[in-house]
Amino acid sequence: MSDNQNEPREYDAVRGGQNSIPVNAAVLGGIPGVKSRLASPIVEVRIAALSEALKYGEAGLDVIMQALREESMQVKLAAYSLLKDRDDLKIKPQFQDYLPTFEFDVITVDAEGKENSRRKSFAHYFPEDLGNGVVIEMVYIPGGTFMMGSPETEAGSRPHERPQHQVTVPTFYLGKYPITQEQWQAVMGHNPSKFKGAKRPVEQVSSGGVVSFCQKLSEKTGKHYHLPSEAEWEYACRAGTTTAFHFGETITPDLVNYQGYYPYASAPKGLDRRETTPVGSFPPNGFGLYDMHGNVWELCKDYWHDNYNGAPSFGSAWDTTGCPNQVRRGGSWDYDAVDCRAANRSYTLAGNSNRNLGVRVAALLRLPVFSSSL
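In this text, all values refer to a predicted model and were calculated from it rather than measured experimentally.

A. Layout of the overall build of the protein. Of regular secondary structure, the protein possesses 8 helices and 12 strands. For the protein, with 374 residues in total, the buried portion stands at 52%. Across the protein, contacts joining residues at least 24 apart in sequence account for 63% of those joining residues at least 6 apart. For the protein, the computed accessible surface area is about 17000 Å², with 48% contributed by carbon and sulfur atoms.

B. Up close: the sheet that holds strand β3 (residues 134-141). Read from one edge of the open sheet, 6 strands run β1-β2-β3-β6-β12-β7, paired in antiparallel fashion. Of all the strands in the sheet, the pair left with one neighbour each is β1 (101-109) and β7 (225-226). Across 4 bridges, β3 lies against strand β6 (residues 172-175) in antiparallel orientation. Within the sheet, the bridge partner assigned to Tyr-140 lies in β6 and is Tyr-173. Most of the contacts of helix α6 (residues 181-188) go to β3, to which it runs at about 110°, and overall it touches β2 (115-131) and β3.

C. Up close: the nonpolar core. Within the largest apolar cluster, 32 residues are counted, with the highest numbers of intra-cluster contacts made by Ile-141, Phe-172, Leu-174 and Leu-289. Each residue touching Ile-141, except ones within four places of it in the same chain, is listed here: Thr-171, Phe-172, Leu-174, Tyr-235, Phe-287 and Leu-289. Counting 27 residues, the second-largest nonpolar core is a separate cluster that includes Val-205, Val-210, Leu-217 and Trp-297.

D. The arrangement of helix α4 (residues 73-83) in detail. Taking burial as the measure, the 11 residues of α4 include 9 buried ones, the bulk of the element. Turning to α4, its buried residues are Met-73, Val-75, Lys-76, Leu-77, Ala-78, Ala-79, Tyr-80, Leu-82 and Leu-83.

E. Region of the structure containing the pairing of β2. Note that β1 and β2 share 9 bridges and pair antiparallel. Counted as the bridge partner of Asp-105 is Lys-120 from β2. The turn joining β1 and β2, which pair antiparallel and follow one another in sequence, is formed by 5 residues; a positive phi near 85° is taken by Gly-113. Sheet topology places β2 next to β3; 6 bridges connect them, and they run antiparallel. From the neighbouring strand, Pro-127 faces β3, where its bridge partner is Glu-137.

F. Structural context of the packing of helix α3 (residues 57-67) against α4. Here α3 crosses α4 at 140°, and the two axes come no closer than 8 Å. On the basis of the axis angle, α3 is oblique to α4. Both α3 and α4 take part in a crossing whose hand is left-handed. On α4, the residues that touch Leu-61, Ile-64, Met-65 and Ala-67 of α3 are Val-75, Lys-76, Ala-79, Leu-82 and Leu-83. Tallied by class, the residues present in the contact of α3 with α4 amount to 8 nonpolar, no polar and 1 charged.

G. Structural context of empty space enclosed by the protein. One pass over the structure, following the stated rule, counts 4 cavities of 30 Å³ or more. Forming the boundary of the largest cavity are Met-148, His-165, Glu-230, Ala-231, Asp-302, Tyr-308, Ala-311, Pro-312, Ser-316 and Trp-318. Looking at side-chain class alone, the lining of the largest cavity contains 6 nonpolar, 2 polar and 2 charged residues. Empty space within the second largest cavity amounts to approximately 60 Å³. By residue class, the composition of the lining of the second largest cavity is 9 nonpolar, 3 polar and 1 charged.

H. Up close: the layout of surface pockets. Quantified by volume, the largest pocket comes out at close to 440 Å³. What lines the largest pocket is a set of 23 residues, and nearest its centre among them are His-224, His-226, Leu-227, Lys-301 and Ala-317. Elements with a contribution of two residues or more to the lining of the largest pocket: α7 (207-221), β7 and β8 (297-303). If one sorts the elements of the lining of the largest pocket by residue count, α7 sits on top with 5 residues. Class assignment for the residues of the lining of the largest pocket results in 10 nonpolar, 9 polar and 4 charged.

Calculation rules
Residues numbered from 1 in each chain as written. Predicted model: local features only at pLDDT ≥ 70, side-chain atom pairs only at ≥ 80, totals over all residues. Heavy atoms only, no water. Helix = DSSP H or I, 4+ residues; strand = E, 2+ residues; numbered from the N terminus. Buried < 20%, exposed > 50% of the residue type's maximum accessible area, 1.4 Å probe, protein only. Contact = heavy atoms within 4.5 Å. Areas by Shrake-Rupley, 256 points an atom, 1.4 Å probe, with all protein chains shown as cover. Pairing = 2+ DSSP bridges. Axes fitted to C-alpha atoms, helices over the stretch in contact; angles between N-to-C directions. Core = buried A, V, L, I, M, F, W, Y, C linked by side-chain atoms within 4.5 Å. Parallel < 35°, antiparallel > 145°, perpendicular 65-115°, else oblique. Left-handed = near helix turned anticlockwise from the far one by under 90°. Nonpolar A, V, L, I, M, F, W, Y, C, P; charged D, E, K, R; others polar. 1 Å grid on protein atoms, 1.4 Å probe; cavity = no way out; pocket = protein on both sides within 12 Å on 5 of 7 lines; lining within 4 Å. Points joined across faces, edges and corners; volume = space filled by probe spheres on them.

In structure tokens form, the structure reads like this:
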């Protein structure tokens, strides 16, 4: 036995899959130790083992790449976080198989609705297979801090969008599109929508129906799906922007499905479609999310408050109220452009269906925080 007290002894080793790591105990070293801890039922132990694997060169990379096949999304994301900035050629194909990306154009316009910039971007997502070719694409939304609400100087802003306040939102996943009719049908077995179409957003839903949808979707997939909080929704909609719309100072019917006869700012009047459009018909925002403005209102978890005094500052839902009204966001096909602003808030009576109300689901799957020494 070695006299070096820093080296693990046989009785200090932790057997993966059976024990958590004791405080101040040494653990089995090398790749065998990493692999033993990756067999642990404790997610945090497996994530810690992955971060250690980086010390062991090619063998460690192989172990981390294998973790991309993990059923646990937290472990899979931990593996991705460790590999994403590496240029190793053998790593890149793994991402498309287990954490795919998609590319898109991010467009901005001026106050008259004329395009003034276009750039390429990409986002990560995971596909949730509902069977029979029906898939929900859940987009990775990186956590961050933003100013929620609108300033008094924003045209069309209202007192219930104030006071502006700083909110920190943790990492989460949000649907690439509003839930479509085929997705709702696959989970609920019926379709309440008026404007029928498999790829159109489901509408005429109620808050109770949406809660049931999230519960059944969670049971079907083994993940926790839920309504986004109002803060998560606005943060995701803005995607780092501070203008009235993620497109910039205004919108046009070429970018959003709304009542085109009622434009915003200096944009001209345009087409009023008077019905929903298939999801993804218009350009996305900087996070790769489509239809955040217009098409259908999207229900949030929060109950209505008349202003933001006392609102949560960490992205959670504000659901401590006796008010029976539930927040909805985003505007819709039969509302004016001003109602589609990122900061605009409205509500619907909880439990009641609404002819232009839809839903976009969220999933909270946080990335681990790794030591800066890695």
